[in-house]
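# Reading the structure
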Amino acid sequence: MKKFLHFFLLRLRVFTLVASVAVCVYFVARVIIFSYADYTPVEKLFGILLLTGETYMLVHALGYMVNAFNIRGADLEAPRAEIKKGEEPWVAVVVAARHEPKEILEETIVTFRNLDYPNKNIYFLDDSSDQRYKDEADALAARQGIKVFRREERHGAKAGIINAFMAGMTEKYLAVFDADQNPMPDFLDELVPYLEADDNLAFVQTPQFYSNVEASPVAMGAAMQQAIFYESICEGKNLNSAMFCCGTNVVFRLSALMSVGGFDETSITEDFATSVKLHTKGYKSLYHPHVKVFGMGPDTLPAYFKQQARWSGGTVSVFRRVIWQLFRAPRSLTFMQWVEYFLAGSYYFVGWAFFFLMICPIAFLLFNVPSFFLSPEIYLATFVPYFSLSLLVFYTTMSERHYTLKQIYTGLILGSLCFPVLMKSTLLAMFGKKMAFVVTAKGGRERLDWKALWPYGVMIGLNIAAIVAGALRFNNSPYAIAVNMFWAAYHIFILSNIFRFNGAPPAAAETEAAA
Amino acid sequence: MSVTKKELLKMIDDAIDLEEKSIPVYMKHINTALFWSGLPEWERKQLGIYLNMLAKESGKHSVKLNSLKKKIEQGGKDVY
């Protein structure tokens, strides 16, 4: 297996190209067959749903492969300025927090103080309304010798308090961190020279890297999803000058931020919205593909779902604006920037895509409603190369960076299980409904109530019923029924993982083990 | 530039506190980096052992600073 992977890795660009062609061939075959197939209206409806789901998967697979192809052999190093000792520009290092545990904040501030960079001012932007948290913030700041900033009027959540703070800033750069993100001592020494080398560079983003991977399967899955994003995907976005800010572990040029009116306060993903503004104004961004900050990810299912609901709702609401901007001012971004923003903005529709792919085999097996009209020969000749090559390219690019199959699988399964949350949040965002800003719970000790798992129960039940129905009429159409039974079984397997991820949370597990 | 005894003791206290709080934070993160390093398990274990030794060694800074603090407290000087 290792020899095969090595062989594949050496020719990855060729295989990526072949896989991309396979994706296109399958897509064309699907569209042609769909267009000419003689559907009843109900079949047509399911046919459209399936084709939509597949198109989504194909477009994003193609996007991944284009990135994987481009970054291979590309020069990812950006120019850096030589900064003379004693002439380092001033940087404001800030953590914005509201009702965060003091232990987590203290760790972060300790790592701020340990930053080697000499000309820095550390600020705690405290947005708490509860007096207890305010008192804790004051005590913490006094103990650590840093400044606390509070605003008079509360508006725009995290973006609002940073904007209020920026109004009085004298430093040239602004380093932003979430409450649980701990930079390494050389963070600013590494990043500031990039900003000094290019006046048109608005910000430098570094990866988010979760340290609590061994806390639970959810923590591992969430960390893997971050890894998938911050490896090939971000490196590809960087090559296309389309890396967007991820809200933390980033250093901004104050003048660039000010020129677009500060952080966008109308979106709960202010980072993504502000990046669009900066790019359309002609500013550049940079992704520094080395881990310089360690943090904590969600380690329970409720915490993970809250995080995903916020990110998806915010991203889709900005995506609507991006589409509008594309029609209004198509030349405001380059073609590849539009492509990257399209891929990023539409990513969270994956919940719908997964749902569509899931219900079509059920509809066929239970109600004899076909949605897929490819003959076995064409199916084998188009689907198998696309599916196997795409998976192989993905697995190879991840294993090259030392991720194991088990880790990748954990991340992918957790992402799939998020489908009900993503469906709801993206639907709300599409209709312009605002979601409440929810802070990701850190070190939470919670699990989802059994009643909240009803979407999984329903889908598992339907898939089981579909398999039974398929087995009962297997001889009618063995090939089609076997393929659909396979997919139904595959979906049961994915869905059943919800019980593993929602198992005993870390603290409870420890207590149970001790008992 | 001079500092008073009180100021110096506060600076030492601060340094001890920073040292004690920093070590577990970086230990946690460096262990995670090791976890994702792709190194074979035995090598990771070995590096983990070295890391623990380093942490213990770093802890000695606090011991040194505490003894310095004691010396200053017992000393007769008011300005350093």
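Everything quoted here is computed from the prediction, not taken from an experiment.

Moving on, we come to the overall build of chain B. Tallying secondary structure elements over chain B gives two helices and zero strands in all. Scaling as 2.2 N^0.38, a compact globule of 80 residues should have a C-alpha radius of gyration of about 12 Å, whereas chain B reaches 18 Å, well beyond that. With the C-alpha coordinates of chain B rotated into their principal frame, the extents come out at 55 × 15 × 15 Å. Evaluated residue by residue, chain B yields a buried proportion of 29% over its 80 residues. For chain B, the share of sequence-separated contacts (at least 6 apart) that also reach a separation of at least 24 residues comes to 78%. With an accessible surface of roughly 5600 Å², chain B has 62% of that area assigned to carbon and sulfur atoms. Measuring between centres, the 14 positive side-chain charges of chain B sit 3 Å from its 11 negative side-chain charges.

Residues and elements named next belong to chain A. With respect to the secondary-structure elements, P330 resides in the loop between α11 (301-328) and α12 (335-346). Along the chain, P330 and T280 lie 50 residues apart, while their C-alpha atoms are 10.0 Å from each other. When residues no more than four places from it in sequence are discounted, the contact partners of P330 are Q325 and W338.

Our next topic: the confidence of the model for chain A. Should pLDDT be low for a region, the predicted coordinates there are not to be read in detail. All names here are of chain A. Within chain A, residue pLDDT values average 90, and 94% of them lie at 70 or more. Below pLDDT 50 for its whole length, residues 437-444 participates in 21 contacts with residues either more than four positions away or in separate chains. Predicted confidence is poor over residues 511-515, with pLDDT under 50, and the contacts of this stretch with residues over four places away or in other chains come to two contacts.

A few words now on the environment of N475(A). Positionally, N475(A) belongs in the loop between α17 (454-472) and α18 (478-501). Considering only alpha carbons, one finds N475(A) and I32(A), 443 residues apart in sequence, at a separation of 29 Å.

Each partner contributes residues to the interface: chain A has 25 residues there, and chain B has 15 residues. Each partner contributes to the roughly 1700 Å² buried at the junction of chain A and chain B, and carbon and sulfur atoms together form 63% of this total. Across the chain A-chain B interface, the total number found is three salt bridges. Residue E107(A) is joined to K28(B) by a salt bridge in which the shortest nitrogen-to-oxygen separation is 3.1 Å. Scanning the region where chain A abuts chain B turns up eight residue pairs in polar contact (both at pLDDT 80 or more). Mapped onto the side of chain A that touches chain B, the elements with two or more residues apiece are α4 (102-113), α5 (131-144), β5 (182-183) and α8 (217-239) of chain A. The element best represented in the side of chain A that touches chain B is α4(A), accounting for five residues. Tallied by class, the residues present in the side of chain A that touches chain B amount to 12 nonpolar, eight polar and five charged.

So, on to the sheet that holds strand β8 (residues 284-287) of chain A. Residue and element names in this part refer to chain A. Taken in spatial order, the seven strands make up an open sheet running β3-β2-β1-β4-β7-β6-β8, and their pairing is mixed. Looking at the sheet topology across the chains shown, the edges are occupied by β3 (147-149) and β8. Averaged over all pairs of adjacent strands, the angle between strand axes in this sheet comes to 25 degrees, irrespective of strand direction. Note: strand β2 (residues 120-126) against β3, three bridges, orientation parallel. Within β3, the position partnered with L125 by the bridge is F149. In the packing of helix α10 (residues 270-280) onto the sheet, the strands contacted are β6 (201-205), β7 (250-253) and β8, and the crossing angle to β6 comes to about 140 degrees.

Our next topic: the pattern of salt bridges. Residues and elements named next belong to chain A. Under the defined criterion, the tally for this structure stands at 25 salt bridges over all chains. When the shortest N-O distance is used, the salt bridge between R401 and E231 registers 2.6 Å. Taken together, the residues R401 in the loop between α14 (376-399) and α15 (405-417) and E231 in helix α8 connect sequence positions 170 residues apart. On the accessibility criterion, E231 (16% relative accessible area) is buried.

What follows concerns the environment of L65(B). All names here are of chain B. Among the secondary structure elements, L65 is positioned in helix α2 (residues 41-74). The class for L65 is partly exposed, based on a relative accessible area of 21%. Residues L65 and G75, spaced 10 residues apart in sequence, show a C-alpha to C-alpha distance of 15 Å. Filtering out sequence-adjacent residues up to four positions away, L65 remains in contact with I12, A15 and I16.

Attention now moves to the packing of α14(A) against α18(A). Residues and elements named next belong to chain A. With their axes 12 Å apart at the nearest point, α14 and α18 run at an angle of 25 degrees to one another. Comparing the axis directions of α14 and α18 gives the class roughly parallel. As for how α14 packs across α18, the hand of that crossing is left-handed. Every residue of α18 that contacts α14 at P376, Y379, F383 and F387 is listed here: Y479, V483 and W487. Here the residues of the contact of α14 with α18 are counted per class, giving seven nonpolar, no polar and no charged.

This brings us to unusual backbone geometry. Residues and elements named next belong to chain A. The backbone phi angle of H99 is positive, close to 55 degrees, even though this residue is not glycine. When you line up the elements, H99 lands in the loop between β1 (91-97) and α4. Positive phi, normally seen in glycine, also occurs at S241, with a value near 50 degrees. Looking at the secondary structure, you find S241 in the loop between α8 and β7. S241 sits in the partly exposed class, given a relative accessible area of 28%.

What follows deals with the nonpolar core. Counting residues in each nonpolar core, the largest one holds 68 residues, and the members touching the most others are M224(A), L301(A), F305(A), M398(A), F419(A), Y456(A) and W36(B). Counting residues per element, this core draws most heavily on helix α13 (residues 350-367) of chain A, which supplies 11 residues. Beyond its immediate chain neighbours, meaning those up to four positions away, W36(B) contacts F209(A), Y210(A), V213(A), M220(A), A223(A), M224(A), H402(A), Y403(A) and Q407(A). F112(A), I122(A), L286(A) and V293(A) belong to the second-largest nonpolar core, a separate cluster that totals 30 residues.

Moving on to the pairing of β6(A). The side chains of a regular strand alternate between the sheet's two faces. All names here are of chain A. Burial analysis of β6 places five of its five residues in the buried class, which makes it a mostly covered element. As judged from the four bridges shared by β6 and β8, these two strands associate in the parallel manner. Paired with L201 across the strands is K284, a residue of β8. Where β6 lies against β7, three bridges are found, and the strand directions are antiparallel. Counterpart to V204 in the pairing with β7 is V251.

Rules of the game
Residues numbered from 1 in each chain as written. Chains lettered and ligands numbered in written order. Predicted model: local features only at pLDDT ≥ 70, side-chain atom pairs only at ≥ 80, totals over all residues. Heavy atoms only, no water. Helix = DSSP H or I, 4+ residues; strand = E, 2+ residues; numbered from the N terminus. Rg over C-alpha atoms; globule rule 2.2 N^0.38 Å. Buried < 20%, exposed > 50% of the residue type's maximum accessible area, 1.4 Å probe, protein only. Contact = heavy atoms within 4.5 Å. Areas by Shrake-Rupley, 256 points an atom, 1.4 Å probe, with all protein chains shown as cover. Lys, Arg positive; Asp, Glu negative; His and termini not counted. Charge placed at Lys NZ, Arg CZ, Asp CG, Glu CD. pLDDT = per-residue confidence, 0-100. Buried area = accessible area lost by both parts, 1.4 Å probe. Salt bridge = Lys/Arg side-chain N within 4 Å of Asp/Glu carboxyl O. Polar contact = N/O pair within 3.5 Å; in protein donor to acceptor, adjacent residues only side chain to side chain. Nonpolar A, V, L, I, M, F, W, Y, C, P; charged D, E, K, R; others polar. Pairing = 2+ DSSP bridges. Axes fitted to C-alpha atoms, helices over the stretch in contact; angles between N-to-C directions. Parallel < 35°, antiparallel > 145°, perpendicular 65-115°, else oblique. Left-handed = near helix turned anticlockwise from the far one by under 90°. Core = buried A, V, L, I, M, F, W, Y, C linked by side-chain atoms within 4.5 Å.

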